[in-house]
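# Results of the structural survey
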Amino acid sequence: MHNSASSRAANTNQGGLSASVKRYGILALLGAGIFLLSIVALHVMSSGIDWTNGYVSDLANEPHGWVFGFGAFVHGWGNLALAFGLFYALPSGRLRNWGACFFGLAAIGIILTGLLPIDPPGVTTASFSGSLHRPVSSAAFGFEIIALFIFSAVFSYSKEPCWQRLKTISWALSVAAALAIVWFVFADQSGIAVGLAERAALVVLMLWELLVIFQLIRPVDRLDKST
């Protein structure tokens, strides 16, 4: 009798946790979707965008540039929700905690990036916003790369099949993102194809985010199992 009651209570708690994780996933999907839509909309509305050499952040200086700032701001909050979703969805442990922490810091960096637009090209004296934009966005990139590698390790060690299935593609995307960031750094120093390199890094990071988001919002077999 006691074991049956304990089992029902555990299942109730798991069901509540499952619903909470799914909500975080939906918020993360909303944030990522709005960000992607903002970038697409600006590329459609602004014909003079240089995909190869223009920074993605330069979209903030285009007509209707506020759309980019809004998209980045919402994306940051969505990624913060994703950090919480992964924290509650993954088995407890030090690696999980560090992964969620670094991903959360990256999310805060994205929020600040949306609030601190880059200076327009050709400006000789950096504004307060422009002087903070580059280090904040660089930190966000770095923290997210670290988080991806940590979560890939968590997926590898997890005994839950749903996370095990993601380990190979997560490692592949983590390595691809790291290589893209290295390319971006060299491109930034040389001034050659910096926009293309930054867009490549963003695409890989967004692919990882969407992969994990869909795992959070899909029918949850890891938490709703009967015990």
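In what follows, the accompanying structure is described. (Residues numbered from 1 in each chain as written. Predicted model: local features only at pLDDT ≥ 70, side-chain atom pairs only at ≥ 80, totals over all residues. Heavy atoms only, no water.)

Moving on, we come to the overall build of the protein. Secondary structure summary: the protein contains seven helices and zero strands in total. When its helices and strands are written in sequence order, the protein yields α-α-α-α-α-α-α. Across the protein, the fraction of contacts at a sequence separation of at least 24, relative to all contacts at a separation of at least 6, is 75%. (Helix = DSSP H or I, 4+ residues; strand = E, 2+ residues; numbered from the N terminus. Contact = heavy atoms within 4.5 Å.)

The subject of this paragraph is empty space enclosed by the protein. What the rule picks out here adds up to one cavity of 30 Å³ or more. Here the largest cavity is characterised by a volume of approximately 270 Å³. Lining the largest cavity are 17 residues, and of these Phe35, Ile110, Thr113, Phe141 and Leu202 lie nearest its centre. Those elements that place two or more of their residues in the lining of the largest cavity are helix H2 (66–89), helix H3 (94–115), helix H4 (128–157) and helix H7 (194–217). Looking at which element gives the most residues to the lining of the largest cavity, the answer is H7, with five residues. (1 Å grid on protein atoms, 1.4 Å probe; cavity = no way out; pocket = protein on both sides within 12 Å on 5 of 7 lines; lining within 4 Å. Points joined across faces, edges and corners; volume = space filled by probe spheres on them.)

Close contact between H4 and H7 brings their axes to 12 Å; oriented N to C, the two are set at 40°. One way to sum up the angle between H4 and H7 is to call them oblique. As for the relative orientation of H4 and H7, their crossing is left-handed in sense. Contact residues: Phe141, Glu144, Ile145, Leu148, Phe151 and Phe155 in H4; Glu198, Ala201, Leu202, Leu205, Trp208, Glu209 and Val212 in H7. Per-class residue counts for the contact of H4 with H7 are ten nonpolar, no polar and three charged. (Axes fitted to C-alpha atoms, helices over the stretch in contact; angles between N-to-C directions. Parallel < 35°, antiparallel > 145°, perpendicular 65-115°, else oblique. Left-handed = near helix turned anticlockwise from the far one by under 90°. Nonpolar A, V, L, I, M, F, W, Y, C, P; charged D, E, K, R; others polar.)

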